[in-house]
Amino acid sequence: MSRPADILFKPFSHGALKLKNRIVMAPMTRSFSPGHAPGENVVAYYRRRAENDVGLILSEGVSPNTTTATGTPDVPNIVTPEAKAGWKRVAAAVKAAGGRMGLQIWHEGPYRNPQKTEHPDIPSWSASGVKVPGKPLWQPMSEAEIETAISEFVAAAAATRDAGFDCVEFHGAHSYIIDSFFWDQTNTRSDTWGGDWTGRTRFACEIVRRTRKLLGPDFPILIRLSQWKQQDFAAKAAATPQELEKWLTPLVEAGVDIFHLSQRRFWEPEFPGSDLNFAGWARKITGKPAISVGSVGLSGEFTKLYSGEVSKPASLDALIERMERGEFDLIAVGRELLNDPEWALKVKEGRMSDLKDFSKEALTTLY
Ligand SMILES: Cc1cc2nc3c(=O)[nH]c(=O)nc-3n(C[C@H](O)[C@H](O)[C@H](O)COP(=O)(O)O)c2cc1C
């Protein structure tokens, strides 16, 4: 028995960010930008989601520099004139279709393999030079490198605003550079960038604080966080709600507007003794709007995050129930929106029997 999905289509407003509904397209790397600049195929891909009722589109991860930030081929940046011009076309197309969009700024940090990049001689950056805890691959970042990385994130956020987008999201999840500072297993520094939660949040807070200062009070700043790590899906960077408070509070003080809490399955409780998921806890602790995510509309029991097993459309009832309770404000949808640009419109119109089975081809095609 399906519940009406009205809650998903209630407008949302927070400061300058005004959305027609609560459906967010999750950031998803697509590697369709040769020369690291998005072309007309990428413009059309995002425009299709805006035309079909996605409330907020978050872009694929976008690099803030051309050296240390990425090792993934054909990932766009927001640094070169060609890339900036391409993103301007994306922003204009989404706006013309009545959509809202932000870029996700993504620095791969320790997940960049220098040997596979255009700059094999440049070591990868992370808090303590480790990808696997306890096995250093590179030197910890120097003070100068930390300053450079912060400035590059801030410049990327400014370029996002200048390209015409509605918000920016910093990718602070999934073990990449920002997350390498958060997690005590990959941040073993004994200086002011490590140690307790105050030290481990400092890198992210500096990025957020300086972005806020440069862009003023109105430009919405989002940050994506995850308890799980690519090295360990079961990891809990914050073991208790009290620790989570120590993680999130400095970020609120630095100027984060909206938290985006990455889970592999949105229905999984974050801590024992409560049904609240990660986004639910973030909202409860900070009072800030929270975006949840994880296997919305997918029936498969996914063992690997991006593996894309074939999956039948699944009921949205459990999601709707949580949103009606006000557990979190917005829901990000990843693979279903890769698979079908009309997913949100079909849900809005109650055309559940038109929803498509998930197929692996969606991972390698720009529908
Ligand atoms: C192909 C693909 C690429 C992804 N790339 C990113 C990314 O660039 N940044 C990010 O934060 N998450 C990325 N993710 C994770 C998604 O944003 C999302 O959290 C995840 O797919 C779970 O949502 P879903 O179950 O609705 O797909 C990616 C996921 C997929 C499937």
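Provided above is the structure to which this section pertains.
So, a few notes on the structure that sits alongside this text. Model, not experiment: these values are computed from the prediction.

Thresholds, definitions, all that
Residues numbered from 1 in each chain as written. Predicted model: local features only at pLDDT ≥ 70, side-chain atom pairs only at ≥ 80, totals over all residues. Heavy atoms only, no water. Buried < 20%, exposed > 50% of the residue type's maximum accessible area, 1.4 Å probe, protein only. Helix = DSSP H or I, 4+ residues; strand = E, 2+ residues; numbered from the N terminus. Right-handed = clockwise from strand over helix to strand, strands pointing away. Pairing = 2+ DSSP bridges. Phe/Tyr/Trp six-rings, centres within 6.5 Å; stacked < 30°, edge-to-face > 60°. Lys NZ or Arg CZ within 6 Å of the ring centre and 35° of its normal. Core = buried A, V, L, I, M, F, W, Y, C linked by side-chain atoms within 4.5 Å. Lys, Arg positive; Asp, Glu negative; His and termini not counted. Salt bridge = Lys/Arg side-chain N within 4 Å of Asp/Glu carboxyl O. Near = heavy atom within 4 Å. Polar contact = N/O pair within 3.5 Å; in protein donor to acceptor, adjacent residues only side chain to side chain. Areas by Shrake-Rupley, 256 points an atom, 1.4 Å probe, with all protein chains shown as cover. Nonpolar A, V, L, I, M, F, W, Y, C, P; charged D, E, K, R; others polar. Contact = heavy atoms within 4.5 Å.

This brings us to the pairing of strand β9 (residues 290-293). Side chains Ala 290 and Ser 292 of β9 all project onto a buried face; the interleaved residues Ile 291 and Val 293 project onto the opposite face, where all are buried too. The handedness of the strand β8 (residues 258-262) to β9 crossover, carried by helix α8 (residues 278-286), is right-handed. Of the strand pairs in this sheet, β9 and strand β10 (residues 330-333) are connected by three bridges, and their pairing is parallel. Bridge pairing in β10 places Ile 291 opposite Leu 330.

Per the counting criterion, the structure on display carries 14 aromatic pairs. Measuring from centroid to centroid gives 5.1 Å for Trp 197 and Trp 247, while their planes differ by 20 degrees, and the two rings are stacked. Within this pair, whereas Trp 197 is found in helix α5 (residues 197-200), its partner Trp 247 is found in helix α7 (residues 241-254), the two being separated by 50 residues in sequence. For the pair shown, Trp 197 and Trp 247 are each scored as buried. An aromatic cluster of three or more residues is present, and its members are Tyr 45, Tyr 46, Trp 87 and Phe 165. When the ring centre of Trp 193 is taken as origin, the NZ or CZ atom of Arg 202, which lies over that ring, is 3.9 Å away. Lys 356 extends its terminal NZ or CZ atom over the ring of Tyr 367, reaching a point 5.1 Å from the ring centre.

Turning our attention to the nonpolar core. Among the nonpolar cores identified, the biggest contains 93 residues, and Leu 8, Phe 170 and Phe 203 are the most heavily contacted of them. In terms of residue count, the dominant contributor to this core is helix α3 (residues 143-163) (10 residues). Among the nonpolar cores identified, the runner-up in size contains 14 residues, and Ala 26, Cys 167, Ile 291 and Leu 330 belong to it.

Turning to the side chain of Glu 60, a few remarks are in order. Position of Glu 60 among the secondary structure elements: in strand β4 (residues 56-62). For Glu 60, which is buried and forms no salt bridge, the nearest opposite charge comes from Arg 30, at a distance of 6.7 Å.

A word on the site of the ligand. Around the ligand sit 18 residues in total, of which Pro 27, Thr 29, Arg 224, Ser 295 and Arg 335 are the nearest. One of the backbone nitrogen or oxygen atoms of Gly 61 is found 3.4 Å away from an oxygen atom of the ligand. When the free accessible area of the ligand is taken as 610 Å², the share hidden by the protein chains comes to 95%. For the shell around the ligand, the residue count by class is eight nonpolar, eight polar and two charged.

This part takes up the environment of Phe 170. Relative to the assigned elements, Phe 170 resides in strand β6 (residues 167-171). By relative accessible area, which is 1% here, Phe 170 ends up buried. In sequence terms Phe 170 and Val 62 are 108 residues apart; their C-alpha atoms lie 9.8 Å from each other. Not counting chain neighbours up to four residues away, the residues in contact with Phe 170 comprise Ile 105, Phe 153, Ala 157, Ile 178, Ile 207, Val 208, Thr 211, Ile 221, Leu 222, Ile 223 and Arg 224.

Further remarks concern the pattern of salt bridges. When the charged atoms of two side chains lie near each other, side chains of opposite charge can form a pair. Tallied over the full model, the rule gives 21 salt bridges. Note that Glu 40 and Arg 89 form a salt bridge whose closest N and O atoms lie 2.9 Å from each other. Here Arg 89 lies in helix α2 (residues 81-96) and Glu 40 lies in helix α1 (residues 40-51), a separation of 49 residues in the sequence. Taking the relative accessible area as the measure of exposure, Arg 89 reaches 41% and is therefore partly exposed. For Arg 212, the salt bridge goes to Asp 257, with nearest N and O atoms at 2.5 Å. Note that Arg 212 is positioned in helix α6 (residues 202-215) and Asp 257 in the loop between α7 and β8, a separation of 45 residues in sequence. Take Arg 212: its relative accessible area is 15%, and that puts it in the buried class.

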